[in-house]
Amino acid sequence: MSNTPFPSKRAPAFADVPDEKWTDWRWQLSHRLNSVEDFEQLFPLSESERKALSQQGLFRVDITPYFASLIDPDDPSDPIRKQVIPTAEEILPYTGMMEDSLAEDRHSPVPGLVHRYPDRVLMLITTQCACYCRYCTRSRIVGDPSQTFSSEDFEAQLDYLRRTPQVRDVLLSGGDPLTLSPRVLERILRALREIPHIEIVRIGSRVPVFMPQRITSELTDLLQQFHPLWLNIHVNHPNEITAELAEACDKLSRAGIPLGNQSVLLAGVNDDAFIQRRLVQDLVRIRVRPYYLYQCDLVEGAGHFRTPVAKGIGIIEALRGHTSGFAVPTYVVDAPGGGGKIPLGPNYLISMSDHKIVLRNYEGYITTYEEPLDYKPPDARLAAPFKKAISESGQDGVFGLLDGDEMSIKPEGFDQLHVRGGSQHRLRADSSKWSPLGIGSGEEEE
Ligand SMILES: *Cc1c(COP(=O)(O)O)cnc(C)c1O
């Protein structure tokens, strides 16, 4: 491993494994740990962990020897251990818990394709992962070795994409796309690249974290044929940043793939401003840009990982201004019921009035910004060539209120509820009284 400041660890139980096996991803995959006996070779399990591991119907457990080696055997509350080894708390239901909290199934025109946003889709192409995160947002479909997507499913997904020209960005996920055989992955990437309106492809993968050995030159050679290709990894704690992960990310970066990180805010794992600061600073050292920090979803089995939303806002307060701007992720709540990601953060705008706003910075310094007195919006012709693409989706939302002709967004049934018969007994029959005044339109009434 070329000079990296990050450690490389191997649990004593694997000390005798020859290097050529340890560094082979196939060996890592076929020697995953999943039983009480497997784990007890590394450290004694707690009563709660034993109970969960012997529970029927539990979300799948599987951990590569590499990732298990990052667990401190002497720390029962190790942050990596909590992410992958189940506890009895996983069995407990809680208020607000849902099976499909993001309503992904409802947004799927064909199996595995989630089309929620106007110009991009989430394409689930496998149910398999290298290891299984206990707080998995998609535990309802992930993990079952007998249930995954078939070539007919891929065809139906691709077919939908071919006939949906508004989609310009496809995000491959699952499961973990990098657990697919290179042959299948190549076939999907090639088919996507043949669709002219698909401008970019992204992959969401935790393989570089769970099994960095998988990032071979053959794999990066394959991936780099399909540029522009972006990749987001998933690191939650600084202890996951190792010499092996640094090397895997270096290979991906050298293949021209921009890397981002998505992490989940998890109680007892990374719900602390100083841990998060170390995490994002170490990520940028391995050339991975923090992208999202997710509030934990209302998913089954994840109740004990949830934090108050205020925790996330406090973490952003500790990052913005205190460290490199590009190391600060966007904190998001993925809206239950399927509203998509909603960004949250501290308020920096304190007040405003005519031509002046009051702002505060990260230090609490309060200042004003004088706005121009003579600002005129740009000539509409300037934007005209770029406008069509966004306004066609019917998902213009709040921006549509600002930019378009819509005056309001109404809850379902609003109009019916508010028809209380006023039109039958108007105060004056002459309807001209109720016509718009046309203020500012230059058509003042006489
Ligand atoms: C997160 C997500 C995306 C991608 O969102 P970005 O904000 O563009 O990264 C797309 N589709 C679905 C359904 C998602 O959950």
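This structure is a prediction, so every number in the text was calculated from the model and none was measured.

Considering the overall build of the protein chain
(1) Moving on: Along its length, the protein chain carries 16 helices and twelve strands.
(2) Moving on: With respect to the three principal axes, the spread of C-alpha positions in the protein chain is 95 × 55 × 45 Å.
(3) Moving on: Here the protein chain, with 446 residues, has 46% of them falling under the buried criterion.
(4) Moving on: Counting only contacts in the protein chain whose residues sit at least 6 apart along the sequence, the fraction spanning at least 24 positions is 74%.
(5) Moving on: Averaging the locations of the 48 positively and 62 negatively charged side chains of the protein chain gives two centres separated by 1 Å.

Some points on the pairing of strand S6 (residues 259–264)
(1) Moving on: Across the six residues that make up S6, a large majority, six, are buried.
(2) Moving on: Because side chains alternate across S6, one face comprises the buried residues Leu259, Asn261 and Ser263, and the other comprises Gly260, Gln262 and Val264, equally buried.
(3) Moving on: Pairing of S6 with strand S7 (residues 289–294) involves five bridges; the strand directions are parallel. Note on S7: the bridge partner recorded for Ser263 is Leu293.
(4) Moving on: With helix H12 (residues 273–285) bridging S6 and the parallel S7, this β-α-β connection has right-handed handedness.

Here we look at the site of the ligand
(1) Moving on: All residues in the neighbourhood of the ligand are listed as Val114, Arg116, Tyr117, Arg120, Leu122, Leu171, Arg202, Tyr291, Tyr292 and Lys341.
(2) Moving on: The separation between an oxygen atom of the ligand and a polar side-chain atom of Tyr291 is 2.5 Å.
(3) Moving on: In isolation the ligand has 390 Å² of accessible area, and contact with the protein removes 91% of it.
(4) Moving on: Elements represented by at least two residues in the shell around the ligand include exactly strand S2 (120–124) and S7.

Focus: the confidence of the model for the protein chain
A low pLDDT means the predicted coordinates there should not be read in detail.
(1) Moving on: Scored by pLDDT, the protein chain has a mean of 93; 93% of the residues are at 70 or more.
(2) Moving on: Throughout residues 442–446 the model reports pLDDT below 50, and contacts reaching past four residues in sequence, or to other chains, amount to five contacts.

A look at the packing of H12 against helix H13 (residues 309–319)
If you want to describe how two helices pack, look at the angle between their axes and the distance between the axes.
(1) Moving on: Contact geometry for H12 and H13: axes closest at 9 Å, N-to-C directions at 55°. As far as their axial angle goes, H13 and H12 are oblique. Here H12 and H13 pass one another in a crossing that is right-handed. Across the interface between the two elements, Ala273, Gln276, Arg277 and Val280 from H12 touch Ile315, Ala318 and Leu319 from H13.
(2) Moving on: Looking at side-chain class alone, the contact of H12 with H13 contains five nonpolar, one polar and one charged residues.

Topic: the packing of aromatic side chains
(1) Moving on: Evaluated as defined, the whole model comprises eight aromatic pairs.
(2) Moving on: Aromatic pair Trp22 and Trp27: ring centres 5.9 Å apart, planes at 50°, arrangement tilted.
(3) Moving on: The class of Trp22 is buried, set by a relative accessible area of 4%.
(4) Moving on: Taken together, a centroid distance of 5.6 Å and an interplanar angle of 65° make the contact between Tyr292 and Tyr294 edge-to-face. In this structure, Tyr292 and Tyr294 share a single accessibility class: buried.
(5) Moving on: An aromatic cluster of at least three residues, connected via ring pairs, comprises Phe14, Trp22 and Trp27.
(6) Moving on: In this arrangement the basic side chain of Arg120 is found over the ring face of Tyr117, its NZ or CZ atom lying 4.0 Å from the centre.
(7) Moving on: Above the face of the Trp25 ring, Arg214 is positioned so that its terminal group lies 4.1 Å from the ring centre.

Some points on unusual backbone geometry
Apart from glycine, the bulk of residues carry a negative phi angle, and the bulk of peptide bonds sit in the trans form.
(1) Moving on: Along the chain, Gly174 connects to Gly175 via a cis peptide bond; the corresponding omega equals 20°.
(2) Moving on: Along the chain, Gly175 turns up in the loop between strand S3 (169–173) and helix H8 (182–193).
(3) Moving on: Cis rather than trans, the peptide bond between His227 and Pro228 has omega equal to -5°.
(4) Moving on: Tracing the sequence through the fold places Pro228 in the loop between helix H10 (217–223) and strand S5 (229–233).
(5) Moving on: In this structure, His355 is a non-glycine residue whose phi angle is positive, near 60°.
(6) Moving on: Checked against the element boundaries, His355 lands in the loop between strand S10 (349–353) and strand S11 (356–360).
(7) Moving on: When its relative accessible area of 36% is taken as the criterion, His355 is described as partly exposed.

Thresholds applied
Residues numbered from 1 in each chain as written. Predicted model: local features only at pLDDT ≥ 70, side-chain atom pairs only at ≥ 80, totals over all residues. Heavy atoms only, no water. Helix = DSSP H or I, 4+ residues; strand = E, 2+ residues; numbered from the N terminus. Buried < 20%, exposed > 50% of the residue type's maximum accessible area, 1.4 Å probe, protein only. Contact = heavy atoms within 4.5 Å. Lys, Arg positive; Asp, Glu negative; His and termini not counted. Charge placed at Lys NZ, Arg CZ, Asp CG, Glu CD. Pairing = 2+ DSSP bridges. Right-handed = clockwise from strand over helix to strand, strands pointing away. Near = heavy atom within 4 Å. Polar contact = N/O pair within 3.5 Å; in protein donor to acceptor, adjacent residues only side chain to side chain. Areas by Shrake-Rupley, 256 points an atom, 1.4 Å probe, with all protein chains shown as cover. pLDDT = per-residue confidence, 0-100. Axes fitted to C-alpha atoms, helices over the stretch in contact; angles between N-to-C directions. Parallel < 35°, antiparallel > 145°, perpendicular 65-115°, else oblique. Left-handed = near helix turned anticlockwise from the far one by under 90°. Nonpolar A, V, L, I, M, F, W, Y, C, P; charged D, E, K, R; others polar. Phe/Tyr/Trp six-rings, centres within 6.5 Å; stacked < 30°, edge-to-face > 60°. Lys NZ or Arg CZ within 6 Å of the ring centre and 35° of its normal.

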